[in-house]
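Examining the three-dimensional arrangement
Given next are the chains, with one letter for each unit.
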Amino acid sequence: MRNIWAVTRETFLQCARTRIIVVFGILLAVCVLGVGFKMTGDGTLKGRIQTFLAYSTSLTQLLLCLVTIFLTTSIITGDIRHKYIFTVASKPLARWQYVLGRWCGVVLLNVLLLAAAMGTIYALAQHIRKQPTQMEQKAAAGLVQQRRPDFDRLGVENEMFTARATYLPEPFNIDRLFQYRMKRLIEERGEDTLIRNHIRKRVGDETEAERLFHNVEFRQKAMAEIEFALREQILDEIKLIRPGKAIGLTFTGLKPAPADGPLLQVRYKLNPFKSHATILHSFWKIENPRTGFVQPVPRSDSTKTTSSFMVDPRCVTDDGRLTVFYINRQPGTIIKIEPEEIAVLQRVGGFEGNLIRAGLLILLKLMFLAAAAVLFGVFLSFPITCLSVMMIFTISMMSGFLHDATRLPQDADPSAFEYFSHYLVKGVFTALPTFSTTSATDSLVDGAYIPPRTLIREYLITFKQAGTGSGRFWQTTGLEIQAGMGLRTILALTVGWLIFRRRELAGVT
Amino acid sequence: MSADKDNDIVVRTAGLTKVFRDFWLREKVAAVRNLDLNIRAGEVYGLLGPNGSGKSTTLKIILSLLYPTRGRVTVFGKSPSDVRTKARIGFLPEESYLYPFLDANETLDYYGRLFGQPRRERKRRIGMLLDMVGLTGSAYRRIGEYSKGMQRRIGMAQALINDPDLLILDEPTSGMDPLAARQFKDLIAELSRRGKTVILSSHLLADTEDVCDRVGILFAGQLRSEGTLEDLLSRASLTQIVTERLDEATSAAVRRVLAQANKQVISVESPKDKLEALFLRIVRKAQTRLQSADSVKTGEVAEFLLAAPDQTPRKVIEELLARPEAPAAATDQPPSPAPPSRVKPDSGVITELLAKDEKAKPTPAQPEGTPPPPRPTPQKDGSVDRNVIDELTGHGDSEDR
């Protein structure tokens, strides 16, 4: 342990005395302070804080990632290139202690830099928070009366300086409706006719359709497809809200809050169906069936943008349920609601705790990058190591996009190239982490709570449901276990050590 | 000190071969071939050879910085990669390869930590080592700002931080000024007195000759010759006598005696001072005059490196610099022990000579303060200085002047 600490300490000193740290400090100061004082966002105080948090945390993260890659790579490869390793490796220091010590030193520096950066961001965010909103400025000038609610200030306090958990509505239970409709369909048309028509529609050829119809396996498959299509049709019908009609959505698992507790928020997006309406009029009713408390919310929102309104905490029942009714008041326009686009946000923690957890998420990325740099640095030269880790960084950042871009097409037979790119990317993703799984920046900007459970998953193991289909037709095929970035970090360090252990540290002299 | 059980061997290599290969695993160079070494405890062993002979490669294998292609290496009876083995080794590479952003104090502290030394002990040793290598005044300057010589000194200090049982030195005096080189050689002698084993790789033969008990000469990766310096250098068929300057009559008498004994005089010469001694004398004078604060001054040998714990640290440089007034070999207590290989005067022959020659008188007692006789300089290549012979025999006076 003493040896590891000695190497860690030396690494820290080495990093701290590198000029790149000075450059980093200047860049960070320019980015954070510049963004903090110059960017105004959409003109509101909330917008200004959101812009500040988005830019400052993103830039801090990016700069720290680059610094980590550069420093770790240069230290490890520099030791070998400049032969400093001769003096170090001839001391009673096991190779694993050297590898771990180097990594710990960089991580220690990261912790301090990150703490300094996040501290600065926090201080500046608090400074901006204290600035007056437009309404407060007008009120101070006597132009408006302060009695009107200041939505900007409310937004700042309830949406920004908070940590809110997101709840999605309970899935629609369409089983009874589906069974009823299926039964009626079979009674009306007959099962054989249904299946025969379906096969004929798919195959096109009459003779071939007849042959397939007598194949039991194919018949079962065709029946499954009919059921799937019917379910989809029913759900589409539910999602389509005609003028004057309503839909009820239930959210569960919320925390019951006192009457003077923090406000909840309903966030939603309305899509006009085959209509060119730009403003949609609607009426929302939030109800607590236990107490009978009702909060009516009339709204007029722009189409295809995310809107929100605040909800009284008294609407939540004692067992943590919240029922939201949407009534379409747009004459002549059908509104389509996707359940995934409606969410309730409830405050479950403070901004400070969330900031720390966001910092820990960023730190995890830095730890992984440092480990990757150690892994490559023990056997590759500086430029190649730097390039390799930069590639890992880029791929990990863009993994979501790359994954979508190389997905196998579902409506046509994939080509050989599509198969190749899909499995290549899949293989790379298995080895590399996904940086975009939980975004520290997005969480801070949205005031979204980062639960400790997420941190544990990211650090150790991520469980993902594997399956097919999408939306309500998602069918789980099993549990996909992905190593969290923490485990990947340990793995990278272990492989690095195994390589370094066998590596000769001197060449021809 | 525990060493290899049989014969107290500290470092043993058997059939050691190191082949460097290129990217395609083709043989690029065979740096060491079938090397068998047995270095004993307490020995100062010199690995000699021209550049590219495999000296550094051998040392790096002993330090597990390289792995042998074939053959076996043990250090203290264990694998060289064993951390317990490394805890007993001090290593000074051919260049000082120290972190340039650390200062001398931090450098020694870092290496002390790697040896698991407690803080207090570390501080004590760092202070003594910095004093010993004369860098106390530069302790807080970054190594990157040091001159090459200063870097060598701090490199030497880091090699000694653990008071090693085995000290491995690769081209140790390269970049050192003669003052530091002299001190370094004295240090090796001191360590040798304490029973430490030293392996020294060098192509500077004078350095090796001054301090080594045994040498191995490598060429093209193979051990060409090995033995004690006495075995390798002594020429049993010749005898050298060193006396005070002889006048012509005495010289003639000596020749007559030798002629009677059927012995041929091969070389008669006046021993010359060594350039090193001359340099030390000049620097000593300059130092006493200027006492410059900026100049690098070396101090006393670190207490923990001295033979007896109660021994008062010696002012090595003072002693060294006092000596050049008289030739180095004649001081009462030489700073380094006379290497065993050195050619010593045969006292039996002197007695015989003096007894036979009536004209020759016994050497009078040396008066207080009189410079002692010059140190014998072995005639390394056996060549004959004709001028001196002629001068002694009186034959060449007219021709040469």
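These figures come from a predicted structure and were not determined experimentally.

**Let's talk about the overall build of chain B**
Scanning chain B for helices and strands turns up 14 helices and 9 strands. Each of the 401 residues in chain B was classed as buried or not, and the buried ones make up 46%. When contacts within chain B are restricted to residue pairs at least 6 apart in sequence, long-range pairs at least 24 apart make up 72% of them. Per element, the accessible surface of chain B, about 20200 Å² overall, is 51% carbon and sulfur.

**So, the pairing of strand 1 (residues 163-167) of chain A**
Each regular strand displays side chains that alternate between the two surfaces of the sheet. Residue and element names in this part refer to chain A. Counted residue by residue, strand 1 has 4 buried out of 5 residues, so it is predominantly covered. Across 5 bridges, the pairing between strand 1 and strand 11 (residues 343-349) is antiparallel. Its bridge partner lying in strand 11, Tyr167 is registered against Val344.

**Here we look at the packing of aromatic side chains**
Tallied over the entire structure, the rule returns 14 aromatic pairs over all chains. Aromatic pair A:Tyr268 and A:Phe309: ring centres 5.8 Å apart, planes at 55 degrees, arrangement tilted. A residue pair is termed long-range when its members are at least 10 positions apart, and A:Tyr268 in strand 4 (residues 264-269) and A:Phe309 in strand 8 (residues 306-311) qualify at 41 residues. For the pair shown, A:Tyr268 and A:Phe309 are each scored as buried. The ring of A:Phe213 has A:Arg196 sitting right over it, with the charged end atom 4.1 Å from the ring centre. The lysine or arginine in question, B:Arg88, covers the ring of B:Phe76, its NZ or CZ lying 3.7 Å from the ring centre.

**Some details on empty space enclosed by the protein**
Residues and elements named next belong to chain B. Here the structure, examined in full by the defined rule, presents 5 cavities of 30 Å³ or more. Those elements that place two or more of their residues in the lining of the largest cavity are helix 5 (148-160) and helix 6 (178-193). If one sorts the elements of the lining of the largest cavity by residue count, helix 6 sits on top with 4 residues. By residue class, the composition of the lining of the largest cavity is 7 nonpolar, 1 polar and 1 charged.

**Here's the deal with the nonpolar core**
Counting 157 residues, the largest nonpolar core has B:Leu129, B:Ile154 and B:Leu305 as the members making the most contacts within it. Discounting residues that sit within four places of it in the chain, B:Ile154 has contacts with B:Leu98, B:Ala104, B:Leu108, B:Leu130, B:Leu135, B:Ile143 and B:Tyr146. A:Ile234, A:Leu264, A:Leu270 and A:Ile342 belong to the second-largest nonpolar core, a separate cluster that totals 44 residues.

**So, helix 18 (residues 485-502) of chain A**
Residue and element names in this part refer to chain A. Across its 18 residues, helix 18 extends 26 Å between first and last C-alpha, which sits within 8% of the 26 Å expected from 1.5 Å per residue. Residues of helix 18 that are buried include every one of Met485, Gly486, Arg488, Thr489, Ala492, Leu493, Gly496 and Phe500, and no others. End-on, the buried residues of helix 18 take up no more than an arc of 160 degrees, which puts them together on one face. Away from its buried face, by an angle of more than 90 degrees, helix 18 presents the exposed residues Ile490, Leu491 and Arg502.

**A look at the pattern of salt bridges**
In the structure shown here, the tally under the stated rule is 43 salt bridges over all chains. Between A:Arg299 and A:Asp301 there is a salt bridge, and its shortest N-O distance comes to 3.1 Å. Owing to a relative accessible area of 24%, A:Arg299 belongs among the partly exposed residues under this scheme. Put simply, B:Asp109 and B:Arg122 hold a salt bridge, and the shortest N to O gap is 2.8 Å. Taken together, the positions of B:Asp109 in helix 3 (residues 104-114) and B:Arg122 in helix 4 (residues 119-132) put the pair 13 residues apart, joining distant regions of the chain. Pair check on accessibility: B:Asp109 and B:Arg122 agree, each one buried.

**Considering the sheet that holds strand 9 (residues 322-328) of chain A**
All names here are of chain A. With respect to topology, 4 strands assemble into an open sheet ordered 3-9-6-7, the strand pairing being antiparallel. Edge positions in the open sheet fall to strand 3 (246-251) and strand 7 (293-302), since each of these has one partner strand only. Averaged over all pairs of adjacent strands, the angle between strand axes in this sheet comes to 20 degrees, irrespective of strand direction.

**What about the interface of chain B and chain A?**
Taken together, the contact pairs 37 residues of chain B with 35 residues of chain A. For the pairing of chain B and chain A, the buried interface totals around 3200 Å² over both sides, and the portion due to carbon and sulfur atoms is 60%. For the pair chain B and chain A, the number of links is 3 salt bridges. With a closest N to O distance of 2.7 Å, B:Glu106 and A:Arg17 form a salt bridge. Counting across the interface, chain B meets chain A through 15 residue pairs in polar contact (both at pLDDT 80 or more).

**Section: the pairing of strand 6 (residues 279-288) of chain A**
All names here are of chain A. Sheet topology places strand 6 next to strand 7; 10 bridges connect them, and they run antiparallel. Following the sheet pairing, Glu287 is matched in strand 7 by Val294. Here strand 6 folds back onto strand 7 in antiparallel fashion, the turn holding 4 residues, of which Gly292 has a positive phi close to 80 degrees. Here strand 6 runs beside strand 9; their pairing, made up of 6 bridges, is antiparallel. Its bridge partner lying in strand 9, Trp284 is registered against Tyr326.

**Structural notes on the packing of helix 5 of chain B against helix 6 of chain B**
Residues and elements named next belong to chain B. For the pair helix 5 and helix 6, the least separation of the axes is 12 Å and the interaxial angle reads 10 degrees. Classed by the angle they form, the pair helix 5 and helix 6 counts as roughly parallel. Where helix 5 abuts helix 6, its residues Arg153, Met156 and Leu160 lie against Ala180, Phe184, Leu187 and Leu191. Classifying every residue of the contact of helix 5 with helix 6 gives 6 nonpolar, no polar and 1 charged.

**Examining the sheet that holds strand 10 (residues 334-336) of chain A**
Residue and element names in this part refer to chain A. Strand order in the open sheet formed by 3 strands is 2-10-5, and the pairing between neighbours is antiparallel. Looking along the sheet, the strands with just one partner apiece sit at the ends: strand 2 (240-241) and strand 5 (271-273). Relative to strand 10, strand 2 runs antiparallel, the two sharing 2 bridges. Looking across to strand 10, one finds that Ile241 is bridged to Ile335.

**Describing a nonpolar patch on the surface**
Residue and element names in this part refer to chain A. Taken together, the side chains of Ile456, Leu460, Ile461, Ile481, Leu487 and Ile490 present a nonpolar region at the surface, about 520 Å² in accessible area. Take Ile481: it is sitting in strand 13 (residues 475-483). On the basis of relative accessible area, Ile481 is assigned to the exposed category, the value being 55%.

**Considering the environment of A:Asp236**
Summarising the element assignment, A:Asp236 is placed in helix 11 (residues 216-239). In the structure, A:Asp236 is positioned 100 residues away from A:Lys336 in sequence and 8.4 Å away in space, judged by C-alpha atoms.

**A closer look at helix 13 (residues 382-397) of chain A**
An α-helix turns once per 3.6 residues; consequently, residues spaced three or four apart project the same way. All names here are of chain A. The end-to-end C-alpha distance of helix 13, which contains 16 residues, comes to 22 Å, matching closely the 22 Å that a straight helix rising 1.5 Å per residue would cover. If you check which residues of helix 13 are buried, you get Thr385, Cys386, Ser388, Val389, Ile392, Phe393 and Ser396. Projected onto a plane normal to the axis of helix 13, the buried residues spread over an arc of 165 degrees and lie on a single side. The exposed residues of helix 13 that point more than 90 degrees off its buried face are Pro383 and Leu387.

**With respect to the confidence of the model for chain B**
Summarising the model, chain B shows a mean pLDDT of 73, and 69% of its residues fall at 70 or more. A low-confidence stretch, residues 309-401 of chain B stays under pLDDT 50, and its non-local contacts, those more than four residues away or across chains, total 131 contacts.

**Notes on unusual backbone geometry**
Residues and elements named next belong to chain B. Despite not being glycine, Leu25 shows a phi value in the positive range, around 65 degrees. Within the secondary structure, Leu25 is located in the loop between strand 1 (9-21) and strand 2 (27-40). For Leu25, a relative accessible area of 62% gives the class exposed. Unusually for a residue other than glycine, Asp163 sits at a positive phi of about 45 degrees.

**So, the side chain of A:Ser56**
All names here are of chain A. Structurally, Ser56 can be placed in helix 3 (residues 45-81). What makes Ser56 buried here is its relative accessible area of 0%. From its side chain, Ser56 meets the backbone oxygen of Phe52 in a polar contact 2.5 Å long. For Ser56, the residues in contact, after removing those within four places along its chain, are Val32, Val35 and Ile121.

Rules used in this analysis
Residues numbered from 1 in each chain as written. Chains lettered and ligands numbered in written order. Predicted model: local features only at pLDDT ≥ 70, side-chain atom pairs only at ≥ 80, totals over all residues. Heavy atoms only, no water. Helix = DSSP H or I, 4+ residues; strand = E, 2+ residues; numbered from the N terminus. Buried < 20%, exposed > 50% of the residue type's maximum accessible area, 1.4 Å probe, protein only. Contact = heavy atoms within 4.5 Å. Areas by Shrake-Rupley, 256 points an atom, 1.4 Å probe, with all protein chains shown as cover. Pairing = 2+ DSSP bridges. Phe/Tyr/Trp six-rings, centres within 6.5 Å; stacked < 30°, edge-to-face > 60°. Lys NZ or Arg CZ within 6 Å of the ring centre and 35° of its normal. 1 Å grid on protein atoms, 1.4 Å probe; cavity = no way out; pocket = protein on both sides within 12 Å on 5 of 7 lines; lining within 4 Å. Points joined across faces, edges and corners; volume = space filled by probe spheres on them. Nonpolar A, V, L, I, M, F, W, Y, C, P; charged D, E, K, R; others polar. Core = buried A, V, L, I, M, F, W, Y, C linked by side-chain atoms within 4.5 Å. Expected span 1.5 Å × (residues − 1). Arc of directions from axis to C-beta. Salt bridge = Lys/Arg side-chain N within 4 Å of Asp/Glu carboxyl O. Axes fitted to C-alpha atoms, helices over the stretch in contact; angles between N-to-C directions. Buried area = accessible area lost by both parts, 1.4 Å probe. Polar contact = N/O pair within 3.5 Å; in protein donor to acceptor, adjacent residues only side chain to side chain. Parallel < 35°, antiparallel > 145°, perpendicular 65-115°, else oblique. Patch = residues over 30% accessible without salt bridge, like charges linked within 9 Å, V, L, I, M, F, W, Y side chains within 5 Å. pLDDT = per-residue confidence, 0-100.

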